[in-house]
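Structural features, examined
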Amino acid sequence: MGNRTIKVETLTRVEGEGGLYIRLNGEAVDEVRLEIYEPPRLFEALLRGRPLEDVPDITARICGICPVAYQMSSVHALEAALEVTVSPEIRRLRRLLYCGEWIESHGLHMHLLHAPDFLGFDSGLEMAKQFPDEVNRGLRLKKHGNQLVDMLGGRAIHPINVCVGGFYRLPTRKEVHKLIPDFEWGLNAAIETTRWVAGFDFPDFESPDCEYISLSHPDEYPMNAGVMKTSRGDTIDVANYEAEFEEQQVPHSTALHAIRKSTGRPYLLGPLARINLNRDKLSPSAQKLADEIKLEPLCCNPHKGIIARGLEIIHAYEEALMILRDQTLKGKSRASYEYQAGEGLSATEAPRGTLFHRYIVDKDGKIVEASIVPPTSQNQAQIETDLKQWISHVISNDERETARKCENLVRAYDPCISCSTHFLNVKIERT
Amino acid sequence: MGKPKLGVFKFASCDGCQLSLLDAEDQLLAVAEAVDIVHFPEASSRLESGPYDIALIEGSITTPHDVERIQQIRGDSKFLMTIGACATAGGIQALRNGADTSEFMQAVYATPEYIQVLDQSTPIAEHVKVDFELRGCPINQYQLIEVIQSLLAGRTPRTPKHSVCLDCKRRGTVCVTVAQGIACLGPVTQSGCDAICPSYHRGCYGCYGPAAQPNLVSLSTQTLKTGVSPAEAAHRLQNFNVSAPAFHKESQRLTDQAREQN
């Protein structure tokens, strides 16, 4: 067999636009390129000179699927710059909002985007014809996530209620309590969904020597706060992330590639990384299910990302229920602040992994400089590394089948391409 | 006749508007029954080429390749409808239109030469004929379902063009400008979001773009009286619909005013 290329022109069932290009020399892999051709939107440049209050509204527009993550990282970073501390109630409500986004985003990815790969369908909509109960259950879970973001954020896509210091208005007790019956149903449904996906036929494949990184917090499953932990046993203060990680531009992608400076190697963020590093902080039902399905303590099979998402949905339901039931809604809706020149950075756990924001503001509250490092651009290099190994497992003379299996692996990471450009279609070339 | 063929296409955007279709959880499977979704990369690996009966277009045109792609999709489509502020007004990325795009690229990328972008982010209608524009950042999923249903039934879609103010009255939301002195774009912004922001005690920030016949000068005069500076008032119009003609014109006027004051 001579040299050849395999190309996926348009990666499907991912958020945003990209492709995959693979060049083979016989059975050896010459090159793998995850090609992100999503046009750059230049958010960091657009933010300069604007009032800092505009930032959560504008950065939400980086992504329609995970706007809450952009809002959370931005308000935390700006509050750090302004030296503002928020009340415990605001902090809990922010976790509640994040629960909504995880349920919505993971629910979408599990049922409509990823599960069809295991069951042999082109889409979740087509899968619904043979698996109506599972898809309808998934849509209902997704809807709960949206309802929660809608209640607290004012709108499911691009919420309007998040501001520096807290929220424009606190929800009423009636608005909060209304969700409880659905969430009680949803917790059980999420457990059933996760049992269902854990029974899928997973390829016997592990990421070679992958370093998993996520936030970690002594008292809680990581969402809005913590230090960064790695599966190599390192602890990194979020304030040092620019010293520890490096973004590099590559010609074939409008998204920047990230590596860890100390190892010169890629790393992986996201649900699998979070579960691997924080399993003991999962809610009781999620921990119980992780044990029941015998999930490895350090799971290195990227295809099992769907299980990690299921466990995080269970966690999100359980934590959301606790907050919905106990919410006393005391105090002010937001902390007040005075403008001061300063710099602030923050990382929170977006559905796809750790999302960094750093801002420099001036004494009049205007943005001088913005830096945003989304999880998908950080995961890209690891995805390419894994693909190189995966190809040897799936290579055949049927190029469409090889391309499809490569695309399956890419989808397992739930890449969010619009976010990362600031991606998917597979091309395989044999030369 | 078979089911109408639906294609969903994306240009520069956040995916939020096409997500609105997937977020219509209660109607999604019914829509998937009523039409044949033949091209929707975000949701399906089945990608058929045209012709399409209905094309939904999200995102703005920002690259030379996308200029060619929209022409191709237009040629393949019977009814072409834009969804969202990016496709109808250029989106938030149109903030670079009056600025130096190459400087913006240098601010974000170490090697901007690898990436080809146009200086302007433009709406779809600047490149091809558009049959219907659905506004919003993001669009309203109920309006999207209404437009698809009306197309299937062969009637005119019912999407209102009145201002957000009327929706506040209907919801019983007390006017945030009158009662609290909060600057609000509600009087000049098209309805569609159900007037959410004032119900959360903040002013409308214009996600749906200009309402029919908006009196922007009058609103600016009122806004400046509440102590907002001309530069701030201009910024308020310069976001997701910055290139919508009415918002663009008034934000330019306010910017000039701010310059004169300095």
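Residues numbered from 1 in each chain as written. Chains lettered and ligands numbered in written order. Predicted model: local features only at pLDDT ≥ 70, side-chain atom pairs only at ≥ 80, totals over all residues. Heavy atoms only, no water.

1. A few points about the overall build of chain B
Helix and strand counts for chain B stand at 12 helices and 5 strands. Taken against the 2.2 N^0.38 rule, which gives 18 Å for 262 residues, the C-alpha radius of gyration of chain B at 20 Å falls within 12% of a compact globule. Counting only C-alpha atoms and orienting by the principal axes, one finds that chain B spans roughly 60 × 50 × 25 Å. For chain B, buried positions account for 57% of its 262 residues. Here the analysis covers contacts within chain B between residues at least 6 apart in sequence; of these, 72% occur between residues at least 24 apart. Entry remark: accessible area of chain B is about 10900 Å², with carbon and sulfur atoms responsible for 51%. Charged side chains in chain B number 22 positive and 27 negative. The centres of these two groups are separated by 8 Å. (Helix = DSSP H or I, 4+ residues; strand = E, 2+ residues; numbered from the N terminus. Rg over C-alpha atoms; globule rule 2.2 N^0.38 Å. Buried < 20%, exposed > 50% of the residue type's maximum accessible area, 1.4 Å probe, protein only. Contact = heavy atoms within 4.5 Å. Areas by Shrake-Rupley, 256 points an atom, 1.4 Å probe, with all protein chains shown as cover. Lys, Arg positive; Asp, Glu negative; His and termini not counted. Charge placed at Lys NZ, Arg CZ, Asp CG, Glu CD.)

2. Some details on the sheet that holds strand β13 (residues 367-373) of chain A
All names here are of chain A. With respect to topology, 3 strands assemble into an open sheet ordered β11-β12-β13, the strand pairing being antiparallel. The open sheet terminates on both sides in strands that have one partner only, identified here as β11 (342-350) and β13. Strand-to-strand twist of the sheet, defined as the mean angle between neighbouring strand axes without regard to direction, takes the value 15°. Of the strand pairs in this sheet, strand β12 (residues 353-361) and β13 are connected by 6 bridges, and their pairing is antiparallel. Note on β13: the bridge partner recorded for His357 is Ile372. The strands touched by helix α13 (residues 375-394) are β11, β12 and β13; relative to β12, the strand with the most contacts, the crossing angle is about 130°. (Pairing = 2+ DSSP bridges. Axes fitted to C-alpha atoms, helices over the stretch in contact; angles between N-to-C directions.)

3. Here we look at the pattern of salt bridges
All names here are of chain A. As enumerated under the stated definition, the model contains 51 salt bridges over all chains in all. For the salt bridge of Glu220 with Arg95, the shortest nitrogen-to-oxygen distance reads 3.2 Å. Within this pair, whereas Glu220 is found in the loop between β6 (213-216) and β7 (227-230), its partner Arg95 is found in helix α4 (residues 88-119), the two being separated by 125 residues in sequence. Residue classification places Glu220 among the buried residues on the basis of a relative accessible area of 13%. A single salt-bridge network, built from bridges that share partners, covers Asp209, Glu211, Arg232, Asp234, Glu244, Arg260 and Arg265. (Salt bridge = Lys/Arg side-chain N within 4 Å of Asp/Glu carboxyl O.)

4. Some words on the packing of aromatic side chains
All names here are of chain A. Scanning all chains against the criterion turns up 15 aromatic pairs over all chains. Judged by centre distance (3.7 Å) and plane angle (10°), the rings of Tyr241 and Phe356 are stacked. Residue Tyr241 is located in helix α9 (residues 241-244), and its partner Phe356 is located in strand β12; the two are separated by 115 residues in the primary sequence. Here the two residues Tyr241 and Phe356 agree in accessibility, since each one is buried. Ring centres of Phe245 and Phe356 lie 6.4 Å apart, and the angle between their planes is 40°; this geometry places the pair in the tilted category. Taken as a pair, Phe245 in strand β9 (residues 245-248) and Phe356 in strand β12 lie far apart in primary sequence, 111 residues in all. On the accessibility criterion, Phe245 (7% relative accessible area) is buried. Members of the aromatic cluster, each reached through a chain of ring pairs, are Phe118, Phe121, Phe131, Trp196, Phe200 and Phe202. We note Arg33 situated over the ring of Tyr21; from NZ or CZ to the ring centre the distance is 4.0 Å. A cation over a ring is seen here: Arg140 above Trp185, with NZ or CZ 3.7 Å from the ring centre. (Phe/Tyr/Trp six-rings, centres within 6.5 Å; stacked < 30°, edge-to-face > 60°. Lys NZ or Arg CZ within 6 Å of the ring centre and 35° of its normal.)

5. Some points on the interface of chain A and chain B
Counting residues at the interface gives 63 residues for chain A, matched by 63 residues for chain B. Interface area for chain A against chain B, summed over the two sides, is near 5200 Å², with a carbon-plus-sulfur share of 62%. When the buried area of chain A at its contact with chain B is split by residue, A:Leu42, A:Leu125 and A:Gln249 rank highest and sum to 13% of it. With a closest N to O distance of 2.4 Å, A:Lys143 and B:Asp26 form a salt bridge. There are 21 residue pairs in polar contact (both at pLDDT 80 or more) connecting chain A and chain B. For the side of chain A that touches chain B, the secondary structure elements donating two or more residues are α1 (43-47), α2 (55-59), α4, α5 (124-130) and α6 (132-153) of chain A. Tallying contributions element by element places α6(A) first for the side of chain A that touches chain B, with 8 residues. Looking at the side of chain A that touches chain B, its residues break down into 27 nonpolar, 17 polar and 19 charged. (Buried area = accessible area lost by both parts, 1.4 Å probe. Polar contact = N/O pair within 3.5 Å; in protein donor to acceptor, adjacent residues only side chain to side chain. Nonpolar A, V, L, I, M, F, W, Y, C, P; charged D, E, K, R; others polar.)

6. Some remarks on the domain arrangement of chain B
All names here are of chain B. You can read the domains of chain B as domain 1 (5-153) and domain 2 (164-261). Between domain 1 and domain 2, the residue contacts involve 14 residues of the former and 13 residues of the latter. Of the roughly 1100 Å² buried between domain 1 and domain 2, counting both surfaces, carbon and sulfur atoms make up 52%. Ranking the residues of domain 1 by area buried against domain 2 places Ala89, Arg135 and Cys137 at the top, with a combined share of 45%. Applying the counting criterion to the domain 1 and domain 2 interface returns 0 salt bridges. For the interface between domain 1 and domain 2, the tally reads 8 residue pairs in polar contact (both at pLDDT 80 or more). Across the side of domain 1 that touches domain 2, the residue classes tally to 8 nonpolar, 5 polar and 1 charged. (Domains from an automatic or database assignment.)

7. Points about the UniProt feature "binding site: Fe cation" (unreviewed entry) in chain A
If you check UniProt for "binding site: Fe cation" (unreviewed entry), the listed places come out as A:Cys66 and A:Cys419 in our numbering. Residue A:Cys66 is classed as buried on the basis of its relative accessible area of 3%. (UniProt positions renumbered as here; feature names shortened; annotations may be inferred.)

8. Considerations on empty space enclosed by the protein
Looking at the largest cavity, its volume works out to about 110 Å³. As for the largest cavity, its lining consists of 14 residues, of which A:Leu269, A:Pro271, A:Arg309, A:Ala412 and A:Tyr413 are closest to the centre. Of the residues assigned to the lining of the largest cavity, the class counts are 8 nonpolar, 3 polar and 3 charged. By volume, the second largest cavity is sized at about 100 Å³. Together, 15 residues line the second largest cavity, and A:His158, B:Cys14, B:Cys17, B:Cys86 and B:Cys137 are the ones closest to its centre. Tallied by class, the residues present in the lining of the second largest cavity amount to 7 nonpolar, 5 polar and 3 charged. (1 Å grid on protein atoms, 1.4 Å probe; cavity = no way out; pocket = protein on both sides within 12 Å on 5 of 7 lines; lining within 4 Å. Points joined across faces, edges and corners; volume = space filled by probe spheres on them.)

9. Remarks on the UniProt feature "binding site: Mg(2+)" (unreviewed entry) in chain A
All names here are of chain A. In this structure's numbering, the residues bearing the UniProt feature "binding site: Mg(2+)" (unreviewed entry) are Glu44, Ile372 and His422. Assignment of secondary structure puts Glu44 in helix α1. Assessed through its relative accessible area of 11%, Glu44 is described here as buried.

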